[in-house]
Amino acid sequence: MAKITGVEAVRAALRARLKKGFGASVIVGYTQAYAIYVHENLEAHHPVGQAKFLEQPAREEADKLGEIVATAVKKGSTLPEALLLAGLYLQRASQLLVPVDTGALKGSAFTRLEK
Amino acid sequence: MGMQHSPGNITRYAIIALGQGTLPVLPPGTNLAWPVYCPTEPDRPDNCITVRTTAGRGSGRTSPDGESIGHYGVQIRVRSAEEDAGYLKTENIRLALETVHLNLTVTIGAVSYKLWCFANIGDVLPLGKAPESKRFLHTVNALLSVRDI
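Bear in mind the structure is a predicted one, so any value in this text is a computation, not a measurement. (Residues numbered from 1 in each chain as written. Chains lettered and ligands numbered in written order. Predicted model: local features only at pLDDT ≥ 70, side-chain atom pairs only at ≥ 80, totals over all residues. Heavy atoms only, no water.)

Chemist: Would you explain the overall build of chain B in this entry?
Modeler: Of the regular secondary structure elements, chain B holds two helices and seven strands. Starting at the N terminus and walking to the C terminus, you meet the elements of chain B as α-β-β-β-α-β-β-β-β. The C-alpha radius of gyration of chain B comes to 16 Å, within 12% of the 15 Å expected for a compact globule of 149 residues. Projected onto its principal axes, the C-alpha coordinates of chain B cover approximately 55 × 30 × 25 Å. Classification of the 149 residues of chain B by burial places 44% in the buried group. (Helix = DSSP H or I, 4+ residues; strand = E, 2+ residues; numbered from the N terminus. Rg over C-alpha atoms; globule rule 2.2 N^0.38 Å. Buried < 20%, exposed > 50% of the residue type's maximum accessible area, 1.4 Å probe, protein only.)

Chemist: What should I look at first to understand the overall build of chain A in this one?
Modeler: In terms of regular secondary structure, chain A is built from six helices and two strands. For 115 residues, the compact-globule estimate of 2.2 N^0.38 gives 13 Å, and chain A exceeds it by more than 25% at 18 Å. Principal-axis analysis of the C-alpha atoms places the extent of chain A at approximately 65 × 30 × 20 Å. Taken across its 115 residues, chain A has 38% of its residues classed as buried. Residue pairs in contact within chain A that sit at least 24 positions apart in sequence constitute 70% of those at least 6 positions apart. Summing over all exposed atoms, chain A offers an accessible surface of approximately 7100 Å²; the carbon and sulfur share of this is 59%. Of the charged side chains in chain A, 15 are positive and 11 negative; the average position of the first set lies 13 Å away from that of the second. (Contact = heavy atoms within 4.5 Å. Areas by Shrake-Rupley, 256 points an atom, 1.4 Å probe, with all protein chains shown as cover. Lys, Arg positive; Asp, Glu negative; His and termini not counted. Charge placed at Lys NZ, Arg CZ, Asp CG, Glu CD.)

Chemist: Would you mind showing me how to read helix α4 (residues 62–74) of chain A here?
Modeler: Every α-helix carries 3.6 residues per turn, so stepping three or four residues along brings you back to the same face. Residue and element names in this part refer to chain A. Here α4 spans 19 Å end to end across 13 residues, near enough to the 18 Å set by a 1.5 Å rise per residue. When we look at burial in α4, the residues that qualify are A62, L65, I68, V69, A72 and V73. End-on view of α4: buried residues confined to an arc of 125°, all on one side of the axis. Exposed and oriented more than 90 degrees from the buried face of α4 are D63 and K74. (Expected span 1.5 Å × (residues − 1). Arc of directions from axis to C-beta.)

Chemist: For this particular structure, what's the right way to read the packing of aromatic side chains?
Modeler: For any pair of aromatic rings, the description consists of the separation of the ring centres together with the inter-plane angle of the planes. Residue and element names in this part refer to chain A. Enumeration over the complete set of coordinates arrives at one aromatic pair over all chains. Between Y30 and F53, the aromatic rings sit 5.0 Å apart at their centres with planes inclined by 85°, giving edge-to-face as the arrangement. With a gap of 23 residues between them, Y30 in strand β1 (residues 26–30) and F53 in the loop between α2 (35–40) and α3 (55–60) connect regions that are remote in the sequence. Per residue, the accessibility class of Y30 equals that of F53, and both read buried. (Phe/Tyr/Trp six-rings, centres within 6.5 Å; stacked < 30°, edge-to-face > 60°.)

Chemist: What exactly am I supposed to notice about the interface of chain A and chain B here?
Modeler: Accessible area lost during the coming together of the parts is what is often quoted as the interface size. With 12 residues of chain A at the contact, the number on the chain B side is 21 residues. Buried area between chain A and chain B, summed over both chains or domains, comes out near 1300 Å², and the portion from carbon and sulfur atoms is 52%. Looking only at chain A, the three residues that lose the most surface to chain B are Y37, E40 and R59 of chain A, adding up to 48% of its buried area. Here chain A and chain B share two salt bridges between them. Run the count over chain A and chain B and you get eight residue pairs in polar contact (both at pLDDT 80 or more). Residue composition of the side of chain A that touches chain B, by class: four nonpolar, two polar and six charged. (Buried area = accessible area lost by both parts, 1.4 Å probe. Salt bridge = Lys/Arg side-chain N within 4 Å of Asp/Glu carboxyl O. Polar contact = N/O pair within 3.5 Å; in protein donor to acceptor, adjacent residues only side chain to side chain. Nonpolar A, V, L, I, M, F, W, Y, C, P; charged D, E, K, R; others polar.)

Chemist: When you look at the confidence of the model for chain B in this model, what are you seeing that I'm missing?
Modeler: As a note on interpretation, predicted positions should not be read in detail where pLDDT is low. All names here are of chain B. Residues at a pLDDT of 70 or more form 95% of chain B, whose mean pLDDT is 90. The secondary-structure element of chain B with the lowest mean pLDDT is strand β2 (residues 48–61), recorded at 89, while helix α2 (residues 83–98) shows the highest, at 97. Reported confidences for the modelled complex are a pTM of 0.85 and an ipTM of 0.86. (pLDDT = per-residue confidence, 0-100.)

Chemist: I'm lost on the layout of surface pockets in this one. Help?
Modeler: Leftover empty space is mapped by rolling, across the atoms, a probe with the size of a water molecule. Looking at the largest pocket, its volume works out to about 760 Å³. Forming the walls of the largest pocket are 22 residues, and the residues nearest its centre are H39, L54, E55 and A58 of chain A together with L125 of chain B. Elements with a minimum of two residues in the lining of the largest pocket: β1, α2 and α3 of chain A together with β7 (136–148) of chain B. At four residues, α2 of chain A tops the list of elements feeding residues into the lining of the largest pocket. (1 Å grid on protein atoms, 1.4 Å probe; cavity = no way out; pocket = protein on both sides within 12 Å on 5 of 7 lines; lining within 4 Å. Points joined across faces, edges and corners; volume = space filled by probe spheres on them.)

As structure tokens, then:
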């Protein structure tokens, strides 16, 4: 019967890598003061974009975001770095949906490490 | 049989069943406190609740029958003449939704639904005043797990 060795060592290395950034979190958002109003107002019609421009991709891409984090950690990134990668992906997906008038809202998107 | 009502409408009846709102009655102006609408918010009364369906989240399929599992998105929007009243009503709705756990059935017409739970219930979001009406707006978002019975 085939036997695989060294699995515990790999697990231990991954656990150690994750422990380094344990508790890390990333924020994706928009700095414009009216961003939350535009995001939540489902009554408005937007010629370009839509409401729920952050919540919708966050829900639809939840599995993909997890995959990005897992892949990055496996390739040697720390957990904060991996979370930032996922956050940037979400930001990009969100900016494709955000309503555009002057471009100020779209331009105010950010991703940053919270802690 | 399958769902015959939108998740927003089911949530509307859940809010009423939880004692946080009332069914609107005609003619307008004779409503009880905090009528709940779905999906269109009328101009009157000032204090009202409107529920809408939003994007949900899929959670894969069960094994072995392959049934799709997911949660439906809902937004609960509270409009009020006074800021405090709106915030408190939204917070009370949020707290009431957290109590739902396989213990709520709502009936709309001839169809009954079993509500598993409301998940990922967000914080109360104050949106300020609606530009056109100057009334205060608050929202809370959640995911609903439900099945027709």
